[in-house]
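Observations on chain architecture
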Amino acid sequence: MNKYFRYVDDLLHVEQVPVTEIAAKFGTPCYVYSRASLNDSWNQFSSALQNREHLICYAVKANSNLAILNLFARLGAGFDIVSGGELQRVLAAGGDARKVVFSGVGKSSSEMRMALDANVLCFNVESSAELERLNEIARDVGKVAPVSMRVNPDVDAKTHPYISTGLKQNKFGVAYGEAIELYKRACELENLRIIGLGCHIGSQLTQVSPFIAAVEKILKLASVLEDDGINLEHIDLGGGLGICYKDETPPAIADYVAALLSALGERSERLILEPGRALVGDSGMLLTRVEYLKCGEEKNFAIVDAAMNDLMRPALYDAYHEILTASHEKHVRNCYEVVGPICETGDFIGHARELIIGPHSLLAVLSAGAYGMSMSSNYNTRPRAAEVMIDGDAIHLVRERETISQLYSGEKLLD
Ligand code: LLP
């Protein structure tokens, strides 16, 4: 477990605050983040990169709460965005648009305009159709768009198929064999300026070798481009570093960065990374309370107040999240299916967990800082959870729990 989460006198704490106090104050389900832990993971990236010109562009999709964006902005972060909405969040949180890279396979014209207007650092272009459209939009608004091609290096990231992005059958990136032609085309387009080259091969990678295989392919392209007189200001190696949810052994941030740097060798371009999960995943937990225990004929169920709308990863990827009790209580140990109140069998938080719990026990679902709240929904008209940031002994509510009336406030009855 993350060292900022620990038991003191048999009571689970985030930094110096008992989770029972957080639940009593803000109710459950509730996401809780540790500021010290977020700082810590940021520092691991930034110190590993200190001897090289670099920009760490936090992947906003992992957790887009303004407090988290603001914390990273203050630490000097850039941001990797995939929508106009994420750009607006970054700006609202005090982020610097000139440190924003705009990724994604389906940027709309209006999103391109927004990003040009904000003067983002770079558009990570993923297809020739997008390249042509970007040139047209830039011409319309009288600007020159900075461009980096996101190339698909056709490397197996060895991760869950839904989050593997660097294989040629995936929808992402410019095909490796077409990249040079596309750069040449970009040179002909007057409202584009080539500044970079990059890739992103997938998420929750637990080995270094696929990253290195991708770097090697990217470097080959970079030298062909150089021979063709196309010079790059940066190389963007994406995000993707995994964390330990159960028994995975991903490389430490420092080792991952060291491996990338060594693979980059003598190349002097600025290095951009787009980490999401590795920056925030371990720093958050989801607090949830047991509503009912139900002993079935074959299985025991712990029905909790968090559901797949709050944390979608188990339902979507069959993902494992460790579940702890907030305190040691006197109950019988039992094996439970930890499930939510939503009307789907896929609504589970954890299968077959040995827990010592009773009705009303408070549970902490770990490693929920990344792709937890940001993937939440209002399914079953469930208001989204509150979010809380702990900083030492201080408790900050960084997002209020939604109210039910907010959920349908934009809806209209028929005349
Ligand atoms: N850059 C690009 C272009 C991306 O598409 C992503 C993630 C990242 C960076 C950040 O990747 P990270 O460092 O977080 O692995 N919802 C899934 C993960 C989807 C990742 C999508 N792209 C999950 O819950 O596991």
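One structure accompanies this document, and this report is about it. (Residues numbered from 1 in each chain as written. Predicted model: local features only at pLDDT ≥ 70, side-chain atom pairs only at ≥ 80, totals over all residues. Heavy atoms only, no water.)

Examining the pattern of salt bridges
In plain terms, the rule: Here, a salt bridge means any Lys or Arg side-chain nitrogen found within 4 Å of an Asp or Glu carboxyl oxygen. Counting from the N terminus, the helices are the DSSP runs of H or I reaching at least four residues and the strands are the DSSP runs of E reaching at least two. For every residue, the accessible area (1.4 Å probe, protein chains only) is compared with the maximum for its type, and the residue is labelled buried under 20%, exposed over 50%, or partly exposed between those bounds.
The tally for this structure, following the rule as stated, stands at 16 salt bridges. Its salt-bridge partner being K107, residue E130 comes within 2.6 Å of it at the nearest N-O pair. Of this pair, E130 sits in helix α6 (residues 128-140) while K107 sits in the loop between β7 (100-102) and α5 (109-118), and the two are 23 residues apart along the sequence. Accessibility assignment for this pair places E130 and K107 in one class, buried. The residue E233 makes a salt bridge to R193 at a minimum N-O spacing of 3.0 Å.

Remarks on the site of the ligand
Put simply, the rule reads: Residue proximity to a molecule or strand is established when one non-hydrogen atom of the residue lies within 4 Å of it. Any N or O atom pair separated by 3.5 Å or less is treated as a polar contact, with the protein-specific requirement of one donor-capable and one acceptor-capable atom, and with residues adjacent in sequence counted only for side-chain atom pairs. When residues are sorted by character, Ala, Val, Leu, Ile, Met, Phe, Trp, Tyr, Cys and Pro go into the nonpolar class, Asp, Glu, Lys and Arg into the charged class, and all the rest, Gly among them, into the polar class.
Taken together, the neighbourhood of the ligand is formed by 19 residues, with S203, E274, R313, Y317 and Y371 sitting nearest. Taking D80, its side chain carries an N or O atom lying 3.1 Å from a nitrogen atom of the ligand. S203 places a polar side-chain atom, nitrogen or oxygen, 2.4 Å from an oxygen atom of the ligand. Its residues assigned to classes, the shell around the ligand shows six nonpolar, seven polar and six charged.

Things to note about the packing of helix α2 (residues 35-48) against helix α9 (residues 253-264)
Counted only if it meets this: Lines fitted to C-alpha atoms define the axes here, with helix axes fitted over just the stretch in contact, and angles between the N-to-C directions of these axes take values from 0 to 180 degrees. Just so you know how the angles are binned, under 35 degrees is roughly parallel, over 145 roughly antiparallel, 65 to 115 roughly perpendicular, and the rest oblique. When the near helix sits turned anticlockwise from the far one by under a right angle, the crossing is termed left-handed; a clockwise turn instead gives a right-handed crossing. Any two residues whose heavy atoms approach within 4.5 Å at even a single point are treated as in contact.
Interhelical geometry of α2 versus α9 gives an angle of 25 degrees and a closest axis separation of 9 Å. One finds that α2 runs roughly parallel with respect to α9. The chirality of how α2 crosses α9 is right-handed. Contacts from S41, Q44, F45 and A48 in α2 reach I253, A254, Y256, V257 and L261 in α9. The class makeup of the residues in the contact of α2 with α9 is seven nonpolar, two polar and no charged.

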